[in-house]
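Read off the chains here:
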Amino acid sequence: MIYITLRITIKKIKQNTISTIKLYASGAHENHNLHGKRRHTLHSFFQFAPTQTQHHQSHHNRTMSILEYNGAAIIAMAGKDCIGIASDNRLGIQFQTVAMDFKKIFKMSDTLFVGLAGLATDVQTLDQLLRFRMNLYELREERAMTPQVFTNLLSNILYEKRFGPYFVEPVVAGLDEKGSPYLATMDLIGATSTTKDFVVSGTCDGNLYGMCETLYKPDLGKEELFETLAQALLASVDRDALSGWGGVVHIITKEGVMSRELKGRQD
């Protein structure tokens, strides 16, 4: 008896549904001006709002780039017969801070520095590989490597590993043979871009671009260049949860390298 009653109830529900559909369809044909509105209403009749579980799953399915896993902020900027490069000190695992003295800028020669933003393990691996390849070059060629040659070397190393890349975005800063500033940056497979003013890399590159565009002026002296780099770096990392904890600035001139530590917010 219960089974028969359920079948009758289900049959009535189906009939009511079909009648509702016919009613909407007939109304749409009768009034051409309301055709779009009624069709939208009919479409909405069969739409179901996502459940709370589905919304929760979609929120947690968003992935973070591996380049953002450890966090970084690097700037390089050209001045008058000098060039500067700066980075933050933080090493993290996403939002968890692991160390506050992680090195991201490496001295390749007296007039050449490279900054590596990205996955910390690849940063250290690439630093060792670059030193090895530079030593081989100097032994074979019996001369120092220029920034342009170093950029090509780094680009080739990254492109060789394009199918299993090093997860780094390098910044090259140095003085060429004439003492003129040289700036270059590239992506993780070695696509190179050179510029005359400044380059940035890291998890807060949007903040860095905005600060550099605001503070940069052509032909800055070494003290002005230091102040500009320091203010741009500290203001940018204060608005990024993945980088910060102070920083370091290197100013490269013909006379030598001036390095200074920065103290930032400790949070």
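As the structure is a prediction and not an experimental result, all values here were calculated from the model.

Procedures and definitions
Residues numbered from 1 in each chain as written. Predicted model: local features only at pLDDT ≥ 70, side-chain atom pairs only at ≥ 80, totals over all residues. Heavy atoms only, no water. Buried < 20%, exposed > 50% of the residue type's maximum accessible area, 1.4 Å probe, protein only. Helix = DSSP H or I, 4+ residues; strand = E, 2+ residues; numbered from the N terminus. Pairing = 2+ DSSP bridges. Salt bridge = Lys/Arg side-chain N within 4 Å of Asp/Glu carboxyl O. Axes fitted to C-alpha atoms, helices over the stretch in contact; angles between N-to-C directions. Contact = heavy atoms within 4.5 Å. Phe/Tyr/Trp six-rings, centres within 6.5 Å; stacked < 30°, edge-to-face > 60°. Lys NZ or Arg CZ within 6 Å of the ring centre and 35° of its normal. Left-handed = near helix turned anticlockwise from the far one by under 90°. Nonpolar A, V, L, I, M, F, W, Y, C, P; charged D, E, K, R; others polar. Core = buried A, V, L, I, M, F, W, Y, C linked by side-chain atoms within 4.5 Å. 1 Å grid on protein atoms, 1.4 Å probe; cavity = no way out; pocket = protein on both sides within 12 Å on 5 of 7 lines; lining within 4 Å. Points joined across faces, edges and corners; volume = space filled by probe spheres on them.

### Quick notes on the pairing of strand β7 (residues 168-175)
1) Next: The buried count for β7 comes to seven of eight residues, which makes it a mostly enclosed element.
2) Next: Summarising the sheet, strand β6 (residues 112-118) and β7 pair through seven bridges and their orientation is antiparallel. Of the residues in β7, the one forming a bridge with Gly 118 is Val 168.
3) Next: In this structure, the hairpin formed by β7 and strand β8 (residues 181-186) is closed by a connection of five residues, where Gly 179 is found at a positive phi of approximately 85°.

### Description of the pattern of salt bridges
1) Next: Per the counting criterion, the structure on display carries six salt bridges.
2) Next: The residue Glu 223 makes a salt bridge to Arg 260 at a minimum N-O spacing of 3.1 Å. Here the residue Glu 223 occupies a position in helix α7 (residues 222-237), and Arg 260 occupies one in strand β12 (residues 257-262), the gap between them amounting to 37 residues.
3) Next: On the accessibility criterion, Glu 223 (42% relative accessible area) is partly exposed.
4) Next: Here the residues in one salt-bridge network are Arg 140, Glu 141 and Arg 143, joined through shared partners.

### Describing the sheet that holds strand β10 (residues 198-202)
1) Next: With respect to topology, five strands assemble into an open sheet ordered β10-β1-β2-β11-β12, the strand pairing being antiparallel. The outermost strands of the open sheet, each flanked by one partner alone, are β10 and β12. Averaged over all adjacent pairs, the angle separating strand axes in this sheet is 10°, with direction ignored.
2) Next: Pairing of strand β1 (residues 73-78) with β10, which is carried by five bridges, proceeds in the antiparallel orientation. For Ala 76, the partnering residue across the bridge sits in β10 and is Val 199.
3) Next: Contacts from helix α6 (residues 205-215) reach β1 and β10 within the one sheet, and its direction differs from that of β10 by about 160°.

### Things to note about the packing of aromatic side chains
1) Next: In this structure the tally under the stated criterion is two aromatic pairs.
2) Next: One aromatic cluster in this structure is built from Phe 198, Tyr 209 and Tyr 216.
3) Next: Above the face of the Tyr 159 ring, Arg 162 is positioned so that its terminal group lies 4.2 Å from the ring centre.

### Focus on the packing of α6 against α7
1) Next: Between α6 and α7, the shortest axis-to-axis distance is 9 Å and the interhelical angle comes to 145°. Relative to α7, the crossing made by α6 is right-handed. In contact with Asn 207, Leu 208, Met 211, Cys 212 and Leu 215 of α6, α7 contributes Thr 228, Gln 231, Ala 232, Leu 233, Ala 235 and Ser 236.
2) Next: The residue makeup of the contact of α6 with α7, split by class, is seven nonpolar, four polar and no charged.

### Side note on the nonpolar core
1) Next: Counting residues in each nonpolar core, the largest one holds 26 residues, and the members touching the most others are Met 108, Val 114, Leu 126, Phe 150, Leu 154 and Val 172.
2) Next: Those elements that provide at least two residues to this core are β5 (105-109), β6, α4 (120-141), α5 (147-160), β7 and β8.
3) Next: The element that contributes the greatest number of residues to this core is α4, accounting for six residues.
4) Next: Residues in contact with Phe 150, not counting those within four places in the same chain, are Met 108, Leu 112, Val 114, Leu 130, Met 134, Met 145 and Val 172.
5) Next: In terms of nonpolar packing, the next biggest core, distinct from the first, is built from 23 residues, Val 200, Cys 204, Leu 220 and Leu 233 among them.

### Observations regarding empty space enclosed by the protein
If a probe the size of a water molecule is rolled over the atoms, the empty space left behind becomes visible.
1) Next: Applying the stated criterion across every chain yields a total of one cavity of 30 Å³ or more.
2) Next: Approximately 40 Å³ is the volume attributed to the largest cavity.
3) Next: Around the largest cavity, the lining residues are Asn 70, Gly 71, Ala 72, Arg 90, Leu 91, Phe 102, Lys 104, Leu 116, Ala 117, Gly 118, Ala 120 and Val 123.
4) Next: Those elements that provide at least two residues to the lining of the largest cavity are β6 and α4.
5) Next: Ranked by residue count, the leading element in the lining of the largest cavity is β6, at three residues.

### Focus on unusual backbone geometry
1) Next: With a phi close to 55°, Asp 81 is a non-glycine residue in the positive phi region.
2) Next: Tracing the sequence through the fold places Asp 81 in the loop between β1 and β2 (83-88).
3) Next: Classification of Asp 81 by relative accessible area gives partly exposed; the value is 43%.
4) Next: The backbone of Glu 142 shows a phi angle near 55°, a positive value even though the residue is not glycine.

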